[in-house]
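# Structural characterization, general
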Amino acid sequence: AQSVTQPDIHITVSEGASLELRCNYSYGATPYLFWYVQSPGQGLQLLLKYFSGDTLVQGIKGFEAEFKRSQSSFNLRKPSVHWSDAAEYFCAVRMNKLTFGKGTLLTVNP
Amino acid sequence: KAGVTQTPRYLIKTRGQQVTLSCSPISGHRSVSWYQQTPGQGLQFLFEYFSETQRNKGNFPGRFSGRQFSNSRSEMNVSTLELGDSALYLCASSFLAGMDEQFFGPGTRLTVL
């Protein structure tokens, strides 16, 4: 069965610092990969996706993610975090249904 | 283009009752999926509908059911509510079923007392 692991439950960074959120997936083939962000009480907003091709994908709000097939990873990065980036981030894989990781809560210190 | 809309946004029910939630997908999208989000279990897939047919189903009891109408709008129903059904129910739409990117609505917060 497909699974997604986000090893970090909670990450705290200072505003302006760089950010990397980790995601590993387990699946026989390369699934479609996504990162979503959720603010409190809100639905999920799609940040970026990987279907095929270039392994470095750009998303909205200055986020990017790199797909590494050998490591079954799809880590999310941002060079400089803004206070408004504080939210919960979910990595997901899709092969018929979306399977989500447990999420990483990001706190941004001023 | 309007996003995915869900009604109602908040709902309070008591154990044993039933509830119906509604979802209107993005215009042109024919696939609608439902997810349950709880603090303990996280985001879990309920089912997906495409062209009025259920294409995929998650591991939920038969009390959870859904349907899709010819205009792609979808409803999900939960019968005989239990306390553990308290959750945020999210609807997502996509143009295609199975592999396409999904866009989420704001969710319906269901509280079962």
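Bear in mind that the values here come from a model prediction, so they are computed numbers and not experimental data. (Residues numbered from 1 in each chain as written. Chains lettered and ligands numbered in written order. Predicted model: local features only at pLDDT ≥ 70, side-chain atom pairs only at ≥ 80, totals over all residues. Heavy atoms only, no water.)

### Remarks on the sheet that holds strand S8 (residues 74–78) of chain B
Residue and element names in this part refer to chain B. Pairing is antiparallel across the open sheet formed by four strands, whose spatial order is S1-S3-S8-S7. Pairing within the sheet leaves two strands with one partner each, and these edge strands are strand S1 (5–7) and strand S7 (64–68). The mean angle between the axes of side-by-side strands here comes to 20 degrees, regardless of whether they run parallel or antiparallel. Strand direction decides the pairing type here: S7 and S8, joined by five bridges, are antiparallel. Within S8, the position partnered with Ser65 by the bridge is Asn77. (Pairing = 2+ DSSP bridges. Helix = DSSP H or I, 4+ residues; strand = E, 2+ residues; numbered from the N terminus. Axes fitted to C-alpha atoms, helices over the stretch in contact; angles between N-to-C directions.)

### Brief notes about the pattern of salt bridges
Going through the model one piece at a time under the given rule, you end up with ten salt bridges over all chains. A salt bridge links Lys49(A) to Glu101(B), with the nearest nitrogen and oxygen atoms 2.1 Å apart. Pair noted here: Lys49(A) is in strand S6 (residues 44–50) and Glu101(B) is in the loop between strand S9 (87–94) and strand S10 (103–104), and the two residues belong to different chains. On the accessibility criterion, Lys49(A) (35% relative accessible area) is partly exposed. (Salt bridge = Lys/Arg side-chain N within 4 Å of Asp/Glu carboxyl O. Buried < 20%, exposed > 50% of the residue type's maximum accessible area, 1.4 Å probe, protein only.)

### Here's the deal with the interface of chain B and chain A
Taken together, the contact pairs 24 residues of chain B with 19 residues of chain A. Note on chain B versus chain A: buried area summed over both sides is about 1,700 Å², and carbon and sulfur give 52% of it. Counting across the interface, chain B meets chain A through two salt bridges. One salt bridge in this structure joins Arg94(A) and Glu48(B), with 2.8 Å as the shortest N-O distance. Taken together, chain B and chain A are joined by seven residue pairs in polar contact (both at pLDDT 80 or more). Every element with two or more residues in the side of chain B that touches chain A is listed here: strand S4 (31–38), strand S5 (42–50), strand S6 (53–57), S9 and S10 of chain B. It is S5(B) that contributes the most residues to the side of chain B that touches chain A, four residues altogether. (Contact = heavy atoms within 4.5 Å. Buried area = accessible area lost by both parts, 1.4 Å probe. Polar contact = N/O pair within 3.5 Å; in protein donor to acceptor, adjacent residues only side chain to side chain.)

### Digging into the environment of Phe60(B)
Residues and elements named next belong to chain B. On the secondary structure map, Phe60 appears in the loop between S6 and S7. What makes Phe60 buried here is its relative accessible area of 14%. Along the chain, Phe60 and Phe47 lie 13 residues apart, while their C-alpha atoms are 9.1 Å from each other. Excluding residues that lie within four positions of it along the chain, Phe60 makes contacts with Gln36, Gln44, Phe45 and Leu46.

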